[in-house]
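# A look at the structure
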Amino acid sequence: MEAIRILLTTHSSPGAPVTYLLYIIENALSQERDVSSWNTILAAYRRHGYAQEALALFQQMRRTDVQPDQFTFATILPACAKIRALEQGINIHQSAIERGYLSDIVITSALLDMYAKCGNINKARELFDKMPERSVISWNAMIAGYAQNGEVDEALRIFNESPQKNVVSWTAMIAGYAQNGFVEKAMEYYKQMQLAGVNPNSTTLASILPACAKMGALEQGMGVHQSIMESGVLSNAIVASALIDMYAKCGLIDKARELFDKMPKRNVISWNAMIGGYSQNGLFEKALEAFKEMRLADVKADYTTFASILPACAKMGALEQGVDIHQRIIESGLFSNVVVANALIDMYAKCGSIYKARELFNKMPERDVISWNAMVAGYAQNGFCKDAFKLFELMKDSGLHPNHVSFACVLSACSHAGLMNEGCKYFDSMSNSYFVIPTIDHYMCMVDLLGRAGYLEESLNFIIKMPIKPVVIVWMCFLGACRSHKNIQLGMFTAILLFELNPQNSATYVLLSNMFAEMGRWVEVQMVRKLMQDRGIKKIPGCSWIESDKMVHTFCVGDRSHPQTQEIYAKLEELSWEMKAAGYFPDSRHVLNDVEEEEKVFFVCHHSEMLAIAFGLLNTPFGTIRVVKNLRVCVDCHTTTKFISNIVARQIVVRDAKRFHHFKQGQCSCGDYW
Ligand code: ZN
Ligand code: ZN
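Below or above, wherever it landed, is the structure these notes cover. (Residues numbered from 1 in each chain as written. Chains lettered and ligands numbered in written order. Predicted model: local features only at pLDDT ≥ 70, side-chain atom pairs only at ≥ 80, totals over all residues. Heavy atoms only, no water.)

### A short note on the environment of Val-653
Note on placement: Val-653 falls in strand S4 (residues 652–655). Placed 501 residues apart in sequence, Val-653 and Val-152 show a C-alpha to C-alpha distance of 54 Å. Sequence-distant contacts of Val-653, that is, excluding residues within four places in its chain, are made with Thr-624, Ile-625, Arg-626, Val-627, Phe-660, His-661 and His-662. (Helix = DSSP H or I, 4+ residues; strand = E, 2+ residues; numbered from the N terminus. Contact = heavy atoms within 4.5 Å.)

Structure below.
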């Protein structure tokens, strides 16, 4: 036993392979378990932030003959508080009463703190009022409790009454204000605290910085940075990381990196702040790069790292790197973490590996509503609508309550497949049977569903009757439907409305001009183009990504910057000849170029996804070619890709802004409905 205690103390520095260590200790203890050995493990779990595990272990302990003592209670209550396990907390309270531990000021303070953190502030107050003597901890727990529950008025009273104000009480007030969105107030207390001669500790700074980050309050954040420099706590990794996170969230990613590079020692928290910062700023390639650097620096990734790097892979369609990360997750034993597993499923689904996603989903030891939603969304996006519905039903059968995201997923499946009756059924059941109030996402799905199925009038009526204000994106959806069904009148009416709502939205101009182009009305096309030019509106350039040899290559429309440019364009020309031989006449309507008919025949679309596909064909000898595009695929490229999949006899998967296209043997999984 003594040996284990030494082992724990020596390995308690952050970054030690804690899970592994705890595993070994737990096994070692399986033979001799008295109350102190249980307490040792519980304390270790708690110290390293494994509250869930601590509670599970405590349950296990209760099933044995070993009786918990005061130390057990003082250890397990903060764990309950941390994960807001109120029910278990109440049980422990009961046992503490039975054992007569309530006279112990440490246990009462911990109980009070647990109730306050779990949101039962009245119960906390009851205990507080009954305490014969109050510790600083109990005063602070009450202040923090009121502040966190939004009763900042009451928290302040206790704070003022409190006989000893130390850094903890000040921090409780500051954190309370910050967490409730009163950033200015938090800043005011932060200043007052300094005026009162109390120096902020790392917890104070780590509370005030996320508040600045959340509000984008850069100026205040810089003020905090200044005081950090003065107090010399920048060497504290948690503080430095909160600072990096603040700069990243305020959009100053270079400043964040500068700080990061200056850190004398970077731990997993600082790497996570940097990787998360890149991801949040849409710099996915940088995020992947930073992740590689982190590995080279020999810093072990934790679940936060994986949960922020996997969405970057998903966004870029970087499957190879995603698979690599999956391997690392297995090695580190983190697949059992539901957040990591969910991100992994989402990554596979978004990279078009839907079967792999399902395989993992089936293997998950426990699933939450996010896991189910990720899988349903994956099926919907990949065009496997029946599977999406089946899984949605299974989810309900499993006793889980579908939330608003689940309904958005299943409605988008209906919209992708053009299943109007099913869509209406799900939409009705959502508020009638599941009491989920539809949000703008759900209304948008319905507008899309009705409009694309050709029910333009019904769709318009639906928009007019919506109980919430239709935002730009809803009208864009409708304009898209007008274009598909060639209803110029309704289309123009919608475009005019959109020009008023948001004159700078380039997508409106592009959609309108595409609609005219598809009908051969080139004069109108020119007019829309001129309007764009006069108003200084720039189109979002089309961009595609393809991964090869664990490197992501980016292509823009007509791009000639890639080292293999010559080969790529030669490949496209070669393919266009083969396509011509196979009877393909390109449909250049969507190129928006009023070129001569002669030219059109030889016009090979140089949209970004075509360049990426040609690159894929050149650099991979076999297997599926996976491309991700930021905009929607045009009719031209769609037809061309179908032909190519047949000519080269390979599967090509393209994820565009809206959905997946699995091209195989001259066909696409979307059934040309997108
Ligand atoms: Zn195209
Ligand atoms: Zn398609």
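Now that the structure is up, let's keep going.
### Notes on the coordination of the zinc ion (ligand 2)
Distances from the zinc ion (ligand 2) to its protein donors, His-638 (NE2), His-661 (ND1), Cys-668 (SG) and Cys-670 (SG), fall within 2.0 to 2.3 Å. Bound by four donor atoms, the zinc ion (ligand 2) shows angles of 103 to 117 degrees at the metal and therefore tetrahedral coordination geometry. The motif formed by the donor residues of the zinc ion (ligand 2), counted along the single chain, is H-x22-H-x6-C-x1-C. Residue His-638 is found in helix H36 (residues 635–647), and its partner Cys-668 is found in strand S6 (residues 667–668); the two are separated by 30 residues along the sequence. Since its relative accessible area comes to 2%, His-638 is described here as buried. (Donors = N, O, S within 2.8 Å, 3.2 Å for Na, K, Ca; no water. Tetrahedral: all angles 85-135°; square planar, octahedral: opposite > 155°, others 65-115°. Buried < 20%, exposed > 50% of the residue type's maximum accessible area, 1.4 Å probe, protein only.)

### A word on the coordination of the zinc ion (ligand 1)
Those protein atoms acting as donors to the zinc ion (ligand 1) are His-607 (ND1), Cys-634 (SG) and Cys-637 (SG), and they sit at 1.9 to 2.3 Å. Counting the intervening residues between successive donors of the zinc ion (ligand 1) yields the motif H-x26-C-x2-C. With His-607 in the loop between helix H34 (597–602) and helix H35 (608–619) and Cys-634 in the loop between strand S3 (625–629) and H36, the pair connects residues that are 27 residues apart, well separated along the chain. Residue class for His-607 comes out buried when judged on its relative accessible area of 18%. The class of Cys-634 is buried, set by a relative accessible area of 12%.

### Some details on the pairing of S4
The side chains of a regular strand alternate, residue by residue, between the two faces of the sheet. The alternating pattern of S4 places Ile-652 and Val-654 on one face and Val-653 and Arg-655 on the opposite face, and all of these are buried. On the question of chirality, the crossover connecting S3 to the parallel S4 by way of H36 is right-handed. Linkage of S4 to strand S5 (residues 660–664), two consecutive antiparallel strands, is achieved through a turn of four residues. (Right-handed = clockwise from strand over helix to strand, strands pointing away. Pairing = 2+ DSSP bridges.)

### Thoughts on the packing of helix H29 (residues 472–484) against helix H30 (residues 488–501)
At a closest axis distance of 9 Å, the pairing of H29 and H30 adopts a crossing angle of 155 degrees. Viewed along their axes, H29 and H30 adopt a mutual orientation that is roughly antiparallel. In terms of crossing hand, the pair formed by H29 and H30 is left-handed. Residues Val-472, Trp-475, Met-476, Phe-478, Leu-479 and Cys-482 of H29 form the contact with H30, whose participating residues are Leu-490, Gly-491, Thr-494, Ala-495, Leu-497, Leu-498 and Leu-501. (Axes fitted to C-alpha atoms, helices over the stretch in contact; angles between N-to-C directions. Parallel < 35°, antiparallel > 145°, perpendicular 65-115°, else oblique. Left-handed = near helix turned anticlockwise from the far one by under 90°.)

### Remarks on the sheet that holds S4
The strand order across the open sheet built from six strands is S2-S1-S3-S4-S5-S6, with neighbouring strands paired in mixed fashion. With one partner strand each, in any of the chains shown, strand S2 (551–556) and S6 form the two edges of the open sheet. Sheet analysis places S3 next to S4, joined by four bridges and oriented parallel. In the sheet register, Val-628 faces S4, and the bridge partner there is Arg-655.

### A word on the packing of aromatic side chains
Per the stated rule, a full pass over the model turns up 20 aromatic pairs. The interplanar angle of 70 degrees and the centroid separation of 5.4 Å between the aromatic rings of Phe-392 and Phe-407 together place this pair among those described as edge-to-face. Note that Phe-392 is positioned in helix H24 (residues 385–397) and Phe-407 in helix H25 (residues 404–417), a separation of 15 residues in sequence. Residue class for Phe-392 comes out buried when judged on its relative accessible area of 0%. By relative accessible area, which is 0% here, Phe-407 ends up buried. Where Trp-475 meets Phe-478, the ring centres are 6.3 Å apart and the plane angle is 80 degrees; that geometry is what we call edge-to-face. In this pair, Trp-475 and Phe-478 are both assigned in helix H29, three residues apart and thus about one turn of the helix distant. Since its relative accessible area comes to 9%, Trp-475 is described here as buried. The class of Phe-478 is buried, set by a relative accessible area of 0%. (Phe/Tyr/Trp six-rings, centres within 6.5 Å; stacked < 30°, edge-to-face > 60°.)

### Structural notes on the pattern of salt bridges
Pairing of side chains with opposite charge becomes possible as their charged atoms draw close. Counting across every chain of the model gives 25 salt bridges. Residues Glu-126 and Lys-123 are paired through a salt bridge, measuring 3.6 Å at the closest nitrogen-oxygen approach. Residue Glu-126 and its partner Lys-123 are both found in helix H8 (residues 121–130); the two are separated by three residues, about one turn of the helix. Owing to a relative accessible area of 37%, Glu-126 belongs among the partly exposed residues under this scheme. The class of Lys-123 is partly exposed, set by a relative accessible area of 27%. We note a salt bridge from Lys-658 to Asp-448, for which the minimum N-O separation is 3.7 Å. Highlighted residues: Lys-658 in the loop between S4 and S5 and Asp-448 in helix H27 (residues 440–452), separated in sequence by 210 residues. (Salt bridge = Lys/Arg side-chain N within 4 Å of Asp/Glu carboxyl O.)

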